[in-house]
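This is what each chain is made of:
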Amino acid sequence: MNVVWLVDKILQSGEGVLSEEYEMVYFPGDDLFARNRPRGLPIGNLTSQFWANCYLNPFDHFVKRELRCKGYVRYVDDFLLFSNDKEELWRWRARIILQLSQFRLTLHENKSQVRPVTEGIPFLGFHLFPTHRRLKQRKGFAFRRKYRSAHRLLQKGELSFAQLNASVLGWVNHVRYANTWGLRRSVLSNRYHLPIYNSPVSNL
């Protein structure tokens, strides 16, 4: 019972989080009071990944067993389906839209398109190609701004060196999975006087 109580508390803490940015979608069987349904989890809630796996487990089985998609990847609410047949992908997309409506979910129309892998696939902050990965450009710009701001706080004594170090190491550990050696050197080499390039997280 304590676990159920805790689950209820965590879910309740998300009520109203998406009230301003959520564009109301009505599903079959809804009435006007559907707008009052609670939705959303607090940003950064570490249980979100767990809830996604529980909630979308039936969807995973649908993709693998009913669509029989052999190339399927999902991380939380981002997923990819692969096929050599373009028409098959469009059919899958139509069926997925119907299937997700049962979970009161919709696709991002602009992002959910059929495209060849040679063009690069945006996924989890990267552009994935058959032979390499690139960091999304806006991700690099965003960290540059964050790093400059953090460095100013460090100089003012409002941020500790350990905090700056943790932030930089966290970023490096993420972007090292793409072709970002030049970006890391450009952002960090002039000001950041730590053995960052010799650390275990940055030797790729």
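Residues numbered from 1 in each chain as written. Predicted model: local features only at pLDDT ≥ 70, side-chain atom pairs only at ≥ 80, totals over all residues. Heavy atoms only, no water.

Trainee: Now, about the pairing of strand S2 (residues 78-82): what can you tell me, with residues and values included?
Mentor: Consecutive side chains along a regular strand alternate between the two faces of the sheet. Judged from the five bridges that link them, strand S1 (residues 71-75) and S2 form a sheet pairing that is antiparallel. Residue pairing in the sheet places Gly 71 in a bridge with Phe 82 of S2. (Pairing = 2+ DSSP bridges. Helix = DSSP H or I, 4+ residues; strand = E, 2+ residues; numbered from the N terminus.)

Trainee: Before we move on, can you summarise unusual backbone geometry with the specific residues and values?
Mentor: With a phi angle near 55 degrees, Val 76 is a residue other than glycine that sits in the positive phi range. Turning to its location among the elements, Val 76 is positioned in the loop between S1 and S2. For Leu 124, which is not a glycine, the phi torsion comes out positive at approximately 55 degrees.

Trainee: Please provide a residue-by-residue account of the side chain of Arg 176, values included.
Mentor: Within the secondary structure layout, Arg 176 lies in the loop between helix H6 (161-175) and helix H7 (181-188). The side chain of Arg 176 is buried and forms no salt bridge, while Asp 78, the nearest opposite charge, is found at 19 Å. (Buried < 20%, exposed > 50% of the residue type's maximum accessible area, 1.4 Å probe, protein only. Lys, Arg positive; Asp, Glu negative; His and termini not counted. Salt bridge = Lys/Arg side-chain N within 4 Å of Asp/Glu carboxyl O.)

Trainee: I'd like a description of a positive patch on the surface, backed by residues and values.
Mentor: Taken together, the side chains of Arg 145, Arg 148, Arg 152 and Lys 156 make up a positively charged region of the molecular surface. Note that Lys 156 resides in helix H5 (residues 137-156). (Patch = residues over 30% accessible without salt bridge, like charges linked within 9 Å, V, L, I, M, F, W, Y side chains within 5 Å. Areas by Shrake-Rupley, 256 points an atom, 1.4 Å probe, with all protein chains shown as cover. Charge placed at Lys NZ, Arg CZ, Asp CG, Glu CD.)

Trainee: Describe a nonpolar patch on the surface, with residues and values.
Mentor: The grouping of Val 73, Phe 82 and Val 117 at the surface amounts to a nonpolar patch, some 210 Å² of accessible area in total. In this structure, Val 73 sits in strand S1. By relative accessible area, which is 38% here, Val 73 ends up partly exposed.

Trainee: Account for the pattern of salt bridges, with residues named and values stated.
Mentor: Enumeration over the complete set of coordinates arrives at four salt bridges. The salt bridge involving Arg 104 is made with Asp 30; its shortest N-O contact spans 2.9 Å. One end of the pair, Arg 104, is in the loop between helix H4 (86-101) and strand S3 (121-123); the other, Asp 30, is in the loop between helix H1 (2-12) and helix H2 (48-55), and 74 residues separate them in sequence. The class of Asp 30 is partly exposed, set by a relative accessible area of 25%. Arg 93 is the partner of Glu 109 in a salt bridge, and the nearest nitrogen-oxygen pair spans 2.8 Å. Of the two residues, Glu 109 is situated in the loop between H4 and S3 and Arg 93 in helix H4; the sequence distance between them amounts to 16 residues. On the basis of relative accessibility, which here comes to 16%, the residue Arg 93 falls in the buried class.

Trainee: Just give me the short version of the packing of H5 against H7, but keep the residues and values in it.
Mentor: For any two helices packed against each other, one specifies the inter-axial angle together with the distance between the axes. Where H5 meets H7, the axes come as close as 11 Å, and the angle between the chain directions of the two elements is 20 degrees. Considered as vectors, H5 and H7 are oriented roughly parallel to each other. In this structure, H5 meets H7 at a crossing whose hand is right-handed. When H5 is examined against H7, the residues Gly 140, Phe 143, Arg 144 and Tyr 147 are found in contact with a partner set consisting of Leu 183, Ser 186, Val 187 and Leu 188. In terms of residue class, the contact of H5 with H7 is built from five nonpolar, two polar and one charged. (Axes fitted to C-alpha atoms, helices over the stretch in contact; angles between N-to-C directions. Parallel < 35°, antiparallel > 145°, perpendicular 65-115°, else oblique. Left-handed = near helix turned anticlockwise from the far one by under 90°. Contact = heavy atoms within 4.5 Å. Nonpolar A, V, L, I, M, F, W, Y, C, P; charged D, E, K, R; others polar.)

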